[in-house]
Amino acid sequence: MFKCVQYSWDDVYKLCKELARKIKNSGFKPDAIVAVARGGWVPARILADFLLIRELYSVKAEHWGIVATVTGKARITQPLMVDLTGKSVLVVDDVADTGETVEIVAQHVREKNAKEVRTAVIDFKHTSKFVPDYYAREMEKWAWIVYPWSIYEDVKDLIVKLNEGGNAEEIARKLEEKFNL
Ligand code: 5GP
């Protein structure tokens, strides 16, 4: 059975606070944060606030297409445009599912000459082969997590997935109507 877990904005904020506490307690003091676009943007911005870090960059990696569908190997589609030589860097994403995305982004940042690279995610699923340095929550049984920044996108994708052959544009239009977007 396909299982979904949904978070509110408040849940995400609390989980990021927990994550920031773990990072601080470990003694790691990053100079910069690299967010994995797009899922890592919101948690990275919240963590930058809790950790008082002004250097916030982004790398886009793609692995999952439509909800719960892997599209092959994780790959970087928008590389880092800054030099991180000698810096301690925290790579942030929303979730490690297979763990490939956060792992390749951490490797990409290492190749930019960072002094030290650590990884943080809100959710660490036990399906992940890669264990991030920090996570707020562990998920033993696999479920798709719906974060508050992509509810409509995920609902539309889910409807398309469940009604194979469904017209994505028509479904998006109906959702817009229903939720007054
Ligand atoms: P991985 O490479 O670890 O398999 O997947 C990581 C990326 O896939 C995340 O950045 C996220 O965008 C997407 N992803 C994987 N699992 C989930 C999930 O349960 N919920 C959401 N919203 N995105 C997911």
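Here is what the cut-offs are and how they apply
- Residues numbered from 1 in each chain as written.
- Predicted model: local features only at pLDDT ≥ 70, side-chain atom pairs only at ≥ 80, totals over all residues.
- Heavy atoms only, no water.
- Helix = DSSP H or I, 4+ residues; strand = E, 2+ residues; numbered from the N terminus.
- Rg over C-alpha atoms; globule rule 2.2 N^0.38 Å.
- Buried < 20%, exposed > 50% of the residue type's maximum accessible area, 1.4 Å probe, protein only.
- Contact = heavy atoms within 4.5 Å.
- Areas by Shrake-Rupley, 256 points an atom, 1.4 Å probe, with all protein chains shown as cover.
- Axes fitted to C-alpha atoms, helices over the stretch in contact; angles between N-to-C directions.
- Parallel < 35°, antiparallel > 145°, perpendicular 65-115°, else oblique.
- Left-handed = near helix turned anticlockwise from the far one by under 90°.
- Nonpolar A, V, L, I, M, F, W, Y, C, P; charged D, E, K, R; others polar.
- Pairing = 2+ DSSP bridges.
- Patch = residues over 30% accessible without salt bridge, like charges linked within 9 Å, V, L, I, M, F, W, Y side chains within 5 Å.
- Salt bridge = Lys/Arg side-chain N within 4 Å of Asp/Glu carboxyl O.
- Near = heavy atom within 4 Å.
- Polar contact = N/O pair within 3.5 Å; in protein donor to acceptor, adjacent residues only side chain to side chain.

So, on to the overall build of the chain. Summing up its helical and strand segments, the chain has five helices and eight strands in all. For the chain, the α and β elements follow one another from N to C terminus as β-α-β-α-β-β-β-α-β-β-β-α-α. Computed over its C-alpha atoms, the radius of gyration of the chain comes to 17 Å, within 12% of the 16 Å expected for a compact globule of 181 residues. Its C-alpha atoms give the chain principal-axis dimensions of roughly 50 × 30 × 30 Å. Counting over 181 residues, the chain shows a buried share of 44%. For the chain, restricting intrachain contacts to residue pairs at least 6 apart in sequence, the fraction spanning at least 24 positions comes to 67%. Just so you have it, the chain exposes about 10200 Å², and 50% of that area is on carbon and sulfur atoms.

Next up on the list: the packing of helix α4 (residues 151–162) against helix α5 (residues 168–179). A pair of packed helices is characterised by two quantities: the angle between their axes and the separation of those axes. Between α4 and α5, the least distance of the axes is 10 Å, while the angle of their chain directions is 135°. In terms of orientation, α4 and α5 fall into the oblique class. For the element pair α4 and α5, the recorded crossing hand is right-handed. Counting all contacts with α4, which are made through Tyr152, Val155, Lys156, Ile159 and Val160, the residues of α5 involved are Ala168, Ile171, Ala172, Leu175 and Phe179. For the contact of α4 with α5, the class distribution of residues is nine nonpolar, no polar and one charged.

The subject of this paragraph is the pairing of strand β4 (residues 70–78). Two strands pair when backbone bridges link them, and strand β3 (residues 55–64) and β4 are joined in this way by four bridges, in the antiparallel orientation. Paired with Trp64 across the strands is Val70, a residue of β4. Between the end of β3 and the start of β4, which pair antiparallel, lie five residues, with Ala68 showing a positive phi angle near 60°.

With six of six residues buried, strand β2 (residues 32–37) lies mostly within the body of the structure. In β2, alternate side chains face the same way, and those of Ala32, Val34 and Val36 on one face and Ile33, Ala35 and Ala37 on the other are all buried. Two strands pair when backbone bridges link them, and β2 and β3 are joined in this way by six bridges, in the parallel orientation. From the neighbouring strand, Val36 faces β3, where its bridge partner is Val59.

Take a nonpolar patch on the surface next. Taken together, the side chains of Tyr152, Phe179 and Leu181 define a hydrophobic patch exposed on the protein surface, amounting to about 310 Å² of accessible area. Assignment of secondary structure puts Tyr152 in helix α4.

Turning our eyes to something else, we now look at the site of the ligand. Around the ligand sit 17 residues, and of these His63, Trp64, Thr98, Thr101 and Lys125 come closest. In the environment of the ligand, an oxygen atom lies 2.7 Å from a nitrogen or oxygen atom belonging to the side chain of Asp93. The contact in question runs from a nitrogen atom of the ligand to an N or O atom on the backbone of Ile145, over 2.7 Å. Calculation on the ligand without its partners gives an accessible area of 500 Å², and the protein chains cover 90% of this total. Of all the secondary structure elements, the ones that give two or more residues to the shell around the ligand are β3, β5 (88–96), α3 (100–110) and β8 (144–146). Per-element accounting of the shell around the ligand gives the leading share, four residues, to β5. Of the residues that constitute the shell around the ligand, the class distribution is seven nonpolar, four polar and six charged.

Below, the discussion takes up the side chain of Thr119. With respect to the helices and strands, the residue Thr119 is situated in strand β6 (residues 116–125). Excluding residues that lie within four positions of it along the chain, Thr119 makes contacts with Leu90, Val91, Val102, Ala106, Phe130, Pro132, Asp133 and Tyr134.

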